[in-house]
Amino acid sequence: MNSSENCENANKDRFAVTTPLYYVNDLPHIGSAYTTIAADAITRFYRLQGKSVLLITGTDEHGQKIQRTAESRGLSPQAHCDEVAAGFKALWQKLNIQYDRFSRTSTPRHEAIVKEFFTRVWEQGDIYLSQQQGWYCVSCEEFKEERELLAGHRCAIHTNREAEWRDEQNYFFRLSKYQDQLEALYQDQPDFIQPEIRRNEVLSFVSQGLKDFSISRVNLDWGFPVPVDPGHTLYVWFDALLGYVTALLDEESDPRLDQALARWWPINLHLIGKDILRFHAVYWPAMLMSADLPLPQQVFGHGFLTKDGQKMGKSLGNTIDPFELIEHYGSDAIRYYLLKEIEFGRDGDFSAIRFVNIVNADLANDLGNLLNRILKLAHKYCNGQVPAFVELDISIDNPLKQIGLGLGDRIIRAYNVLAFHQVCEEVLGLVKTGNKFVDEQAPWTLLKQGQQAVGEWVLYSVLEAVRLAAYFLSPIIPTTSNAIYRQLGFAVDLEDKTLPPLFRNHSTWGMLPAGQALSDPQPVFLKLELKEPNVEN
Ligand code: MSP
């Protein structure tokens, strides 16, 4: 397999997405949950569309940062990693993340993959020994240029940490050799890096001329030994990126590159935060070029969740505990707020008041109450059944049908470019029109006065609008969407990974079967009560 086969391998019916592999220096916070929620939503969406999908997440367990954290806790690095990795898994379960693979970089299988990959790059002549001098930020696990640092050699991301001076022999990867090839890649595949602002950042960085980077450390035990010189330990990022490859191994396969890359490679989408863009959009493709392997299709760098304008982070100690939030508000509320309120790609502040207000307005009032009102009427005036209005009977001058007919295409386009906020806005537009339509038509009066046909015309179109809304939001708020589908009388679990193919057509207007028995109206989303989250400070 080589890089020119990239396009042929990118099978349209399958989609593999990765979250970053999270450092285990601490339990996950709401910022680390952000990428995973987005990855889960896009995976669920493609699954709904009938694609084979694979969601990869996991933990990045080596390096100085982890070694020091374990030491400070009086634990062996492995025992520390086992504990924190279990914490990540527990959070993903509570957040309703349907991941397929959980990659841990401290496993022997991963070591075998890293060794084979290193050997390929070594045999290309792309690794050499030299002297490394520079400022190292342990929280970033990255050397920094003097000009990138704040006063007192503090890191611009981890503003409370001073970078450390290093002067040691390291192995280097010949990144500079790939300057032209990388530039050609960005030129030929303009959406390799998204969004545009991140692409421009990378273009500008690369245009300044790429320098080789060191891929080994001395005086560090917690990591894999460099295969050709066990006195050195491999740099955590060299091994971490390969965690995406190890994740693709089936349980029963031998830990070899050809086995790992057979089915799901190349990855369609690496979802990451903007702080780790260079590693994914510059170092990683160059490493793959050196090993003569196909490149991923896209790297998308989203923004930061901030607290008072600063990145929320474990090293900064200004995080919000996601377990506490879920406990109090439930996972759908958090998923919805993060994906609706922050344009994916930009930074956004997490404010508890705004969170509660938005979620209550959109999900409890606009969506939940609309369904509830109409279901009650259907029970009172239509024997608890979907009115026998077939799609053809609903004239085009129905405002909900007007929106509903074109909605699917717009939403699919929005999901395809990860514009989750736009998906939510589109759906909300339909739901708000539904509420307005009901207020204007006053179907309770129509039905009471015996105008059954017009009343049913209103009811059917509103129920259908709510169904469409639930369907399109199901990748974002799966629990609520499922509850809506159930109340509309569908005996289906939208979360089922093997959803019957019929439900793939549910993105079009008019799929609610006439005469279907409706369930009893129950609130699908209970109003949230504000509770200020505990913020570490
Ligand atoms: N271990 C590396 C990734 C290796 S991938 C092969 C790493 N880990 S991390 O735990 O520090 O960060 C993981 C991801 O979480 C990054 O994409 C980072 O941007 C994201 N976030 C961490 N804090 C965040 C916010 N406050 N807001 C949004 N995303 C945040 O980097």
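Reading the values: the criteria
Residues numbered from 1 in each chain as written. Predicted model: local features only at pLDDT ≥ 70, side-chain atom pairs only at ≥ 80, totals over all residues. Heavy atoms only, no water. Helix = DSSP H or I, 4+ residues; strand = E, 2+ residues; numbered from the N terminus. Rg over C-alpha atoms; globule rule 2.2 N^0.38 Å. Contact = heavy atoms within 4.5 Å. Areas by Shrake-Rupley, 256 points an atom, 1.4 Å probe, with all protein chains shown as cover. Lys, Arg positive; Asp, Glu negative; His and termini not counted. Charge placed at Lys NZ, Arg CZ, Asp CG, Glu CD. Expected span 1.5 Å × (residues − 1). Buried < 20%, exposed > 50% of the residue type's maximum accessible area, 1.4 Å probe, protein only. Arc of directions from axis to C-beta. Domains from an automatic or database assignment. Buried area = accessible area lost by both parts, 1.4 Å probe. Phe/Tyr/Trp six-rings, centres within 6.5 Å; stacked < 30°, edge-to-face > 60°. Lys NZ or Arg CZ within 6 Å of the ring centre and 35° of its normal. Salt bridge = Lys/Arg side-chain N within 4 Å of Asp/Glu carboxyl O. Near = heavy atom within 4 Å. Polar contact = N/O pair within 3.5 Å; in protein donor to acceptor, adjacent residues only side chain to side chain. Nonpolar A, V, L, I, M, F, W, Y, C, P; charged D, E, K, R; others polar. Pairing = 2+ DSSP bridges.

A. Focus on the overall build of the protein. Regarding its fold elements, the protein presents 19 helices and 16 strands. In terms of overall dimensions, the protein is globule-like: its C-alpha atoms have a radius of gyration of 26 Å, near the 24 Å expected for 537 residues. Oriented by its inertia axes, the alpha-carbon framework of the protein measures out at about 90 × 50 × 40 Å. Residue pairs in contact within the protein that sit at least 24 positions apart in sequence constitute 78% of those at least 6 positions apart. If you sum the accessible surface of the protein, you get close to 21,300 Å²; carbon and sulfur atoms cover 47% of it. Of the charged side chains in the protein, 52 are positive and 69 negative, and the gap between their average positions amounts to 4 Å.

B. Representation of helix 7 (residues 196–207). Between its first and last C-alpha, helix 7 extends 16 Å over 12 residues, near the 16 Å set by a 1.5 Å rise per residue. Here helix 7 has its buried residues at Arg-198, Arg-199, Val-202, Phe-205 and Val-206. Around the axis of helix 7, the buried residues are gathered within 130° of arc, so they sit on the same side. Those residues of helix 7 that are exposed and aimed more than 90 degrees away from the buried face are Ile-197 and Ser-207. At its buried positions, helix 7 is contacted by helix 6 (179–188), strand 7 (193–194), helix 11 (277–290) and strand 13 (298–302). Once helix 7 finishes, Gly-209 follows within two positions and takes phi at roughly 95°, a positive value.

C. The arrangement of the side chain of Asn-372 in detail. The residue Asn-372 is located in helix 14 (residues 352–381) in this model. Take Asn-372: its relative accessible area is 14%, and that puts it in the buried class. Beyond its immediate sequence surroundings of up to four residues, Asn-372 is in contact with Pro-521, Gln-522 and Pro-523.

D. Molecular detail of the domain arrangement of the protein. Taken domain by domain, the protein comprises domain 1 (3–303) and domain 2 (352–507). On a C-alpha basis, the centres of domain 1 and domain 2 stand 41 Å from each other. Listed by partner, the interface residues are 17 residues for domain 1 and 16 residues for domain 2. Taking both sides of the interface into account, the surface hidden between domain 1 and domain 2 amounts to around 1,500 Å²; carbon and sulfur atoms contribute 62%. Of all residues in domain 1, Arg-44, Phe-45 and Leu-48 give up the largest surface area on contact with domain 2, accounting jointly for 37% of the area buried on that side.

E. A look at the packing of aromatic side chains. This model, assessed by the stated rule, comprises 34 aromatic pairs. Measuring from ring centre to ring centre gives 3.8 Å for Trp-237 and Phe-279, while their planes differ by 5°; the resulting arrangement is stacked. Residue Trp-237 is located in helix 8 (residues 236–241), and its partner Phe-279 is located in helix 11; the two are separated by 42 residues in the primary sequence. You'll find Trp-237 and Phe-279 in the same group, each marked buried. Between the aromatic rings of Tyr-415 and Phe-420, the centroid separation amounts to 6.2 Å while the plane-to-plane angle is 75°, which identifies the pairing as edge-to-face. Directly above the ring of Phe-102 sits Lys-89, whose terminal nitrogen or CZ lies 4.9 Å from the centroid. Directly above the aromatic system of Phe-205 lies the positively charged group of Arg-278, at a separation of 3.9 Å from the ring centroid.

F. Representation of the pattern of salt bridges. Per the stated rule, a full pass over the model turns up 28 salt bridges. In this structure, Asp-347 engages Lys-274 in a salt bridge whose closest nitrogen and oxygen atoms are separated by 3.0 Å. Note that Asp-347 is positioned in the loop between helix 13 (331–341) and strand 16 (348–349) and Lys-274 in the loop between strand 12 (269–273) and helix 11, a separation of 73 residues in sequence. Two residues, Lys-531 and Glu-324, come together in a salt bridge whose shortest N-O distance is 3.8 Å. Taken together, the positions of Lys-531 in the segment after helix 19 (478–487) and Glu-324 in helix 12 (residues 322–329) put the pair 207 residues apart, joining distant regions of the chain.

G. Structural view of the site of the ligand. Neighbouring the ligand are 24 residues; Asp-60, Gly-273, Asp-275, Leu-305 and Met-312 lie closest to it. In this structure, a nitrogen atom belonging to the ligand sits 2.8 Å away from a main-chain N or O atom of Leu-21. Within the complex, 97% of the 660 Å² of free accessible area of the ligand lies under protein. Listing elements by their share of the shell around the ligand, those giving two or more residues are strand 1 (14–23), helix 2 (30–48), helix 8 and strand 12. At 4 residues, strand 1 tops the list of elements feeding residues into the shell around the ligand. Per-class residue counts for the shell around the ligand are 14 nonpolar, 6 polar and 4 charged.

H. Structural view of the side chain of Glu-168. Tracing the sequence through the fold places Glu-168 in strand 6 (residues 164–173). Although buried, Glu-168 forms no salt bridge, and the nearest oppositely charged side chain, Arg-217, lies 4.9 Å from it. Once residues within four sequence positions are removed from consideration, Glu-168 is found in contact with Ser-130, Gln-131, Gln-132, Arg-217 and Val-218.

I. Summary view of the sheet that holds strand 3 (residues 101–104). Strand order in the open sheet formed by 6 strands is 3-2-1-12-13-7, and the pairing between neighbours is parallel. Only two strands of the sheet have a single partner each, and these edge strands are strand 3 and strand 7. For strand 1 and strand 2 (residues 52–60), the ladder comprises 8 bridges, and the chain directions are parallel. Of the residues in strand 2, the one forming a bridge with Leu-21 is Gly-58.

J. Summary view of the environment of Arg-263. Within the secondary structure, Arg-263 sits in the loop between helix 10 (257–261) and strand 12. According to the relative accessible area criterion, Arg-263 is exposed, its value standing at 55%. Taking C-alpha positions, Arg-263 is 36 Å from Val-138, a pair spaced 125 residues apart along the chain. Here Arg-263 is in contact with Arg-14 and Ser-52, once residues within four sequence places are set aside.

K. Structural context of the environment of Pro-255. Of note, Pro-255 is situated in the loop between helix 9 (243–246) and helix 10. Between the alpha carbons of Pro-255 and Glu-111 there is a distance of 8.8 Å; along the sequence they are 144 residues apart. Excluding its chain neighbours within four sequence positions, the residues that come into contact with Pro-255 are Arg-109, Ala-112, Ile-113, Glu-116 and Leu-249.

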